Amino acid sequence: MSCKGTIPIKDLSIYRGDNETINFRYVVDGVPVDITGYQIFLECASATLSREAVIKDQTTNIGQYSISFVPEDTKELDAVKTAYEVVFWPTGVGGEKNTKHKGHILIASEVVP
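Here the residue numbering is sequential within each chain, running from 1 through the sequence in written order. This being a predicted model, a pLDDT of at least 70 is required before a residue's local features are given, and a value of 80 or more before pairs of side-chain atoms are given or counted; all residues contribute to the totals for chains, interfaces and linings. To get the side-chain values, all heavy atoms of the structure are used, and hydrogens and water are removed first.

J.: Account for the sheet that holds strand E9 (residues 80-89), with residues named and values stated.
T.: The pairing criterion is simple: DSSP has to find at least two bridges between the two strands. By definition, any uninterrupted DSSP run of H or I lasting at least four residues is a helix, any uninterrupted run of E lasting at least two residues is a strand, and each is numbered from the N terminus. The sheet built from five strands is open, its strands ordered E1-E10-E9-E5-E6 with mixed pairing. The sheet is open, and its two edges are formed by strand E1 (12-15) and strand E6 (51-52), each paired on a single side. Bridge count between strand E5 (residues 39-44) and E9: six bridges; the pairing is antiparallel. Residue pairing in the sheet places isoleucine 40 in a bridge with phenylalanine 88 of E9.

Here it is in structure tokens:
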């Protein structure tokens with residue numbers, strides 16, 4: 001299940017100091033993949049944003065996982081654009097690592113304070 005060829009790019013935006021949950025679904029050839037037992041991580045150039053994803057119940061939400069941020073994660077960060085990758089460890093950390101998508105996270109200041 002490694003990612004062959006071009007890794008999909010998905011840019012994300014988070015308002016500094018807000019709660020934010022970003023939902024994903026792992027799909028291969030149009031079919032959601034059961035990710036029970038996987039470990040999934042957001043690896044970020046800004047270490048304070050790196051974290052493990054939460055895998056949703058795969059009996060009702062096949063392929064779905066989320067990455068959440070709380071205000072404390074971003075409230076002290078300057079408005080910045082930082083690189084990230086979402087990596088899968090299908091057999092747990094120590095097994096084969098697969099980068100599934102990458103991009104940039106934009107930490108944005110509130111438009112109206």
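J.: Can you lay out the environment of phenylalanine 24 for me, pointing to particular residues and giving the numbers?
T.: Turning to its location among the elements, phenylalanine 24 is positioned in strand E2 (residues 20-25). The buried label goes to any residue with under 20% of its type's maximum accessible area, the exposed label to any with over 50%, and the partly exposed label to all in between, with areas taken from a 1.4 Å probe on protein chains only. Residue phenylalanine 24 is classed as buried on the basis of its relative accessible area of 9%. Along the chain, phenylalanine 24 and aspartate 57 lie 33 residues apart, while their C-alpha atoms are 13 Å from each other. Residues are treated as being in contact if the distance between any of their heavy atoms lies within 4.5 Å. For phenylalanine 24, the residues in contact, after removing those within four places along its chain, are Lys10, Leu12, Gly63, Gln64, Tyr65, Ile67 and His101.

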